[in-house]
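Now for the letters of each chain:
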Amino acid sequence: MKIQFDDKIKSAAPGLRVVTIEADVDNPATSDELWALLMRAAGDIHDVLEMPEINKRPGIRATREAYKALGKEPNRYRPSCEALCRRIVKGMELYRIDTLVDVINLISIQSGYSIGGFDLDKIDGEQLTLGVGMEGEPFEGIGRGTLNIANMPVYRDNVGGIGTPTSDNERTKLSLETTRLLMCINVYGEEMPVDDVIGLSTSLIEKFANATNIKVNIYQP
């Protein structure tokens, strides 16, 4: 899967790097060991961050700046990493979903990056374009219903939008039947070094999702 960038993204986020990780995987129910790791990471966030500090994390701050540069209000459409950290700091319960989703949530809160997780077999085509959402463009956010993606960064395949930093699309979402994974790690501004987030991600999917045939690429505008 290759990534191309729209000129508007190049202008709004010139420092962006997108790490793609593809792999053949299993996606069982979340194990107690993985859940314990996620709860420990969430506890660390809860213990060290106050609510006003969340959007100052470098990865989150840079994603919000890209939203603003494109004309999207990040306080109304928060990047997923920010929304997850806010939930943790508020003391709200996290949802136990499945191995791949919970691995991605673990990586996200540790790294500060919003991460797209897609079933590769549901993507139409061999290339994604990262562009900007249009007024009225249809997008069914996972668990959110219709999402207004106007002026928001959006990955598109041959059919339409599949993911934004705020939410992925129902059409290409991960499920227990997923056997081919695509992760898009959105590094709008560096927090965890890229090599470290790659190492963390590959080790977690190998351990918990039996990942094989792992392919890693880094793209930038």
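These remarks concern the structure in this document.

Definitions and limits used
- Residues numbered from 1 in each chain as written.
- Predicted model: local features only at pLDDT ≥ 70, side-chain atom pairs only at ≥ 80, totals over all residues.
- Heavy atoms only, no water.
- Helix = DSSP H or I, 4+ residues; strand = E, 2+ residues; numbered from the N terminus.
- Buried < 20%, exposed > 50% of the residue type's maximum accessible area, 1.4 Å probe, protein only.
- Polar contact = N/O pair within 3.5 Å; in protein donor to acceptor, adjacent residues only side chain to side chain.
- Contact = heavy atoms within 4.5 Å.
- 1 Å grid on protein atoms, 1.4 Å probe; cavity = no way out; pocket = protein on both sides within 12 Å on 5 of 7 lines; lining within 4 Å.
- Points joined across faces, edges and corners; volume = space filled by probe spheres on them.
- Nonpolar A, V, L, I, M, F, W, Y, C, P; charged D, E, K, R; others polar.
- Pairing = 2+ DSSP bridges.
- Axes fitted to C-alpha atoms, helices over the stretch in contact; angles between N-to-C directions.
- Phe/Tyr/Trp six-rings, centres within 6.5 Å; stacked < 30°, edge-to-face > 60°.
- Lys NZ or Arg CZ within 6 Å of the ring centre and 35° of its normal.

## Focus on the side chain of Ser-114
- By secondary structure assignment, the location of Ser-114 is in strand E3 (residues 114-119).
- A residue is classified by how much of its surface remains accessible, and Ser-114, at 2% relative accessible area, is buried.
- Here Ser-80 takes part through its side chain, which lies 3.3 Å from a polar atom of the side chain of Ser-114.
- At a separation of 3.2 Å, a polar atom in the side chain of Ser-114 contacts the main-chain amide nitrogen of Cys-81.
- Sequence-distant contacts of Ser-114, that is, excluding residues within four places in its chain, are made with Pro-79, Ser-80, Cys-81, Ser-108, Pro-165, Cys-184, Ile-185 and Asn-186.

## Some words on the layout of surface pockets
- Taken as a whole, the largest pocket encloses approximately 1000 Å³ of empty space.
- Around the largest pocket sit 35 residues that line it, and Ser-80, Ile-97, Asn-105, Ile-142 and Thr-166 are the ones nearest its centre.
- Listing elements by their share of the lining of the largest pocket, those giving two or more residues are helix H5 (80-89), helix H6 (99-111) and E3.
- Partitioning the lining of the largest pocket into residue classes produces 13 nonpolar, 12 polar and 10 charged.
- Volume-wise, the second largest pocket comes out at about 180 Å³.
- Put simply, the parts of the chain that give the lining of the second largest pocket at least two residues each are strand E2 (17-24) and strand E10 (212-219).
- Take the lining of the second largest pocket: its biggest share by element is 3 residues, from E2.

## What to know about the sheet that holds E10
- With respect to topology, 4 strands assemble into an open sheet ordered E3-E9-E2-E10, the strand pairing being antiparallel. The sheet is open, and its two edges are formed by E3 and E10, each paired on a single side. Averaged over all pairs of adjacent strands, the angle between their axes in this sheet comes to 15°, without regard to strand direction.
- With 6 bridges connecting them, E3 and strand E9 (residues 180-187) associate as antiparallel partners. In the sheet register, Gly-117 faces E9, and the bridge partner there is Met-183.

## Notes on the sheet that holds strand E7 (residues 153-156)
- Spatially, the 4 strands line up as an open sheet ordered E1-E4-E7-E8, and their pairing is mixed. The two strands at the open ends of the sheet, each matched to only one other strand, are strand E1 (2-5) and strand E8 (161-163). Ignoring which end each strand starts from, the neighbouring axes of this sheet average 40° apart.
- As judged from the 2 bridges shared by E7 and E8, these two strands associate in the antiparallel manner. Paired with Arg-156 across the two strands is Gly-161, which belongs to E8.

## Remarks on the packing of aromatic side chains
- Evaluated as defined, the whole model comprises 0 aromatic pairs.
- Sitting over the face of the ring of Tyr-77, Lys-72 holds its NZ or CZ atom 4.0 Å from the ring centroid.

## Let's talk about the environment of Met-134
- With respect to the secondary-structure elements, Met-134 resides in the loop between strand E4 (127-132) and strand E5 (140-141).
- For Met-134, a relative accessible area of 52% puts it in the exposed group.
- Filtering out sequence-adjacent residues up to four positions away, Met-134 remains in contact with Ile-149, Ala-150 and Arg-156.

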